[in-house]
Amino acid sequence: MPNLDVWAPRVLSLLRTITALLFLQHGLMKLFGFPGPQEGAPVPLPPLLIAAAWLEIVGGGLVAIGLFTRPVAFVLSGMMAVAYFMAHAPANFYPALNHGEPAILYCFVFLYLAAAGGGIWSVDALVRKRP
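About the criteria used
Starting afresh in each chain, residues are numbered from 1 along the sequence in its written order. Where local features are concerned, this predicted model is filtered to residues with pLDDT of at least 70; where side-chain atom pairs are given and counted, the filter is 80 or more; whole-chain, interface and lining totals use all residues. To get the side-chain values, take all heavy atoms of the structure and skip hydrogens and water. A run of DSSP states H or I qualifies as a helix once it reaches four residues; a run of E qualifies as a strand once it reaches two. Both are numbered from the N-terminal end. Burial classification: accessible surface area is computed with a 1.4 Å probe over protein chains only, and a residue below 20% of its type maximum counts as buried, one above 50% as exposed, and the rest as partly exposed. Methods summary: accessible areas were calculated by the Shrake-Rupley approach with a probe of 1.4 Å, and residue burial reflects only the protein chains presented. Take the buried Ala, Val, Leu, Ile, Met, Phe, Trp, Tyr and Cys residues and link them wherever side-chain atoms come within 4.5 Å; each set so joined is a nonpolar core. Here, residues are in contact when the closest pair of their heavy atoms is within 4.5 Å.

Could you clarify how one ought to interpret the overall build of the protein chain in this entry?
Secondary structure assignment for the protein chain yields six helices and zero strands. Secondary structure elements in the protein chain, listed N-terminal to C-terminal, are α-α-α-α-α-α. Over its C-alpha atoms, taken along the principal directions, the protein chain stretches across nearly 50 × 30 × 25 Å. Per-residue burial for the protein chain yields a buried fraction of 34% across its 131 residues. Taken as a whole, the protein chain presents about 8300 Å² of accessible surface, with 75% of it coming from carbon and sulfur.

Below you can see the structure in the form of structure tokens.
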């Protein structure tokens, strides 16, 4: 469908923005209980989860606006790989049974964004256009 090729850079930007906003929400839930508490998160949060929450908030915010998209997305991809193998894989081999599907999806979407960049609707694209 050649007519859709024109939309690919825009859809990349939409994928980046929506994924990052959903990801940011997890950090807000862990640290601030907004829009509700993170289900299954221990109280008080251990230092590793506090660090993860700040990565979710700051990294999610940066990726949402498309600033430093490639390096930040690469870090977030690695974070989600670690989260999967630390928190989900030990429970069961199958992601559908260990509730690790979101972690895997975030890992690979962020890996894609690290390779593809933020798209045309991003701060990175605006900075590149400056003389």
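Having seen it, we continue.
What is the right way to read the nonpolar core from this model?
Ranked by size, the top nonpolar core spans 19 residues in total, and within it Phe23, Val63, Leu76, Met79, Met80, Phe110 and Leu113 carry the most contacts. If one sorts the elements of this core by residue count, helix H5 (residues 101–116) sits on top with seven residues. Setting aside anything within four residues of it in sequence, one finds Val63 in contact with Arg16, Ala20, Val72, Ala73, Leu76, Phe110 and Leu113.

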